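Notes for the structure review
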Amino acid sequence: MKKGLLIILSGPSGVGKGTVRKYIMKRNVLPLAFSISMTTRPPREKEKEGVEYYFVSEEEFQKNIEEDNFLEWAEFVGNRYGTPKNYVEQLRNEGKNVILEIEINGAEQVLDKVKDDRVVSFFLAPPSLRQLEIRIRKRKSEPEENIQKRLAKGVSEMEKAKNYDFVILNDHVKRAGDEIISIIKKIIED
Ligand code: 5GP
């Protein structure tokens, strides 16, 4: 059995990675698995343990770093986020294509670390910075200071787009999602 693809979906916070990823998985035209990350961020209102994230304490996160359990991890606006290494490997060995929905720093770590040729990276770009701000504000889940930090980070992160295999414009979820699906399909079928 062919090892599953490792699919990196990155881009600035608020660009719509989660929405596009959910659309892609809902279309159900590809064998895909989502890598559920660990985070020290408290859950938002509708988030459930083990669905969007595993919500853990600082101590538990630190323990996982020390035990080398992460494929990558990063700090983002005061919280830490990490991808469980063994879980991703196991899924890929089962032939599943695994989506990592992660921020830029973590994506760079994965690109540095994973040297097999079954990796593809997508940078999701907003139509404009104004649109990014609107999206971040819509969540209404964070203090103004964090919103400003997320925005400033987003602006500088746009420069990283050139390091990715594909830059996808998130003008419409369906269009962006379908573009990603057709690229993945091509790679799988080759
Ligand atoms: P949020 O707090 O909005 O859920 O996530 C903040 C940022 O962290 C988003 O860009 C999200 O994609 C990213 N993120 C989520 N999980 C991980 C992870 O495991 N590793 C890294 N590096 N970033 C992650």
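In this numbering scheme, every chain counts its residues from 1 along its sequence in written order. Only residues with pLDDT of at least 70 are given local features in this predicted model, and only at 80 or more are side-chain atom pairs given and counted; all residues enter the totals for whole chains, interfaces and linings. The basis for the side-chain values is all heavy atoms of the structure; hydrogens and waters are excluded.

To continue, consider the site of the ligand. Taken together, 17 residues form the shell around the ligand, and within it S37, R41, Y53, E72 and Y81 come nearest. Take K17: an N or O atom from its side chain is 2.9 Å from an oxygen atom of the ligand. Polar contact is defined as a pair of N or O atoms within 3.5 Å, subject to the rule that within protein one atom must be able to donate a hydrogen and the other to accept it, and that residues adjacent in sequence are counted only when both atoms are side-chain atoms. With respect to the ligand, the side chain of R41 contributes an N or O atom lying 2.6 Å from an oxygen atom. In isolation the ligand offers 510 Å² of accessible surface; the protein chains occlude 96% of this area. Under the DSSP-based scheme used, a helix requires at least four consecutive residues in state H or I and a strand at least two consecutive residues in state E, with every element numbered from the N terminus. Those elements that provide at least two residues to the shell around the ligand are strand 5 (70–76) and strand 6 (79–84). Think of it as three bins: nonpolar holds Ala, Val, Leu, Ile, Met, Phe, Trp, Tyr, Cys and Pro, charged holds Asp, Glu, Lys and Arg, and polar takes everything else, Gly as well. Of the residues contributing to the shell around the ligand, the split by class is five nonpolar, four polar and eight charged. Here a residue counts as near a molecule or strand whenever at least one of its heavy atoms sits within 4 Å of it. Every accessible area reported is derived by Shrake-Rupley at a probe size of 1.4 Å, with residue values counting cover from the shown protein chains alone.

Attention now moves to the pattern of salt bridges. Side-chain pairs of opposite charge can arise where the charged atoms are in close proximity. The term salt bridge refers to a side-chain nitrogen of Lys or Arg lying within 4 Å of a carboxyl oxygen of Asp or Glu. Counting across every chain of the model gives 20 salt bridges. As a salt-bridge pair, R80 and E58 come within 2.9 Å of each other at their nearest N and O atoms. Of the two residues, R80 is situated in strand 6 and E58 in helix 2 (residues 58–66); the sequence distance between them amounts to 22 residues. Salt-bridge contacts for K174 lead to D178; the nearest nitrogen and oxygen are separated by 3.0 Å. One end of the pair, K174, and the other, D178, are both in helix 7 (residues 173–189), four residues apart, so they sit about a helical turn from each other. Here the term buried applies to any residue with accessible area under 20% of the maximum for its type, exposed to any over 50%, and partly exposed to those in between, with areas from a 1.4 Å probe on protein chains only. For K174, a relative accessible area of 52% translates into the label exposed. Where salt bridges share partners, they join K3, E89, R92 and D116 into one cluster.

DSSP-based pairing: two strands are paired if at least 2 bridges between them are found. Spatially, the five strands line up as an open sheet ordered 2-7-1-8-9, and their pairing is parallel. One side of each edge strand has no neighbouring strand; the edge strands of this open sheet are strand 2 (32–34) and strand 9 (166–169). Averaged over neighbouring strand pairs, the angle between their axes works out to 25° when direction is ignored. Note: strand 1 (residues 6–10) against strand 7 (residues 97–101), four bridges, orientation parallel. Across the sheet, residue L6 finds its bridge partner in strand 7, namely V98. Axis angles are defined between N-to-C directions and span 0 to 180 degrees, where every axis is a line fitted to C-alpha atoms and, for a helix, only to the segment in contact.

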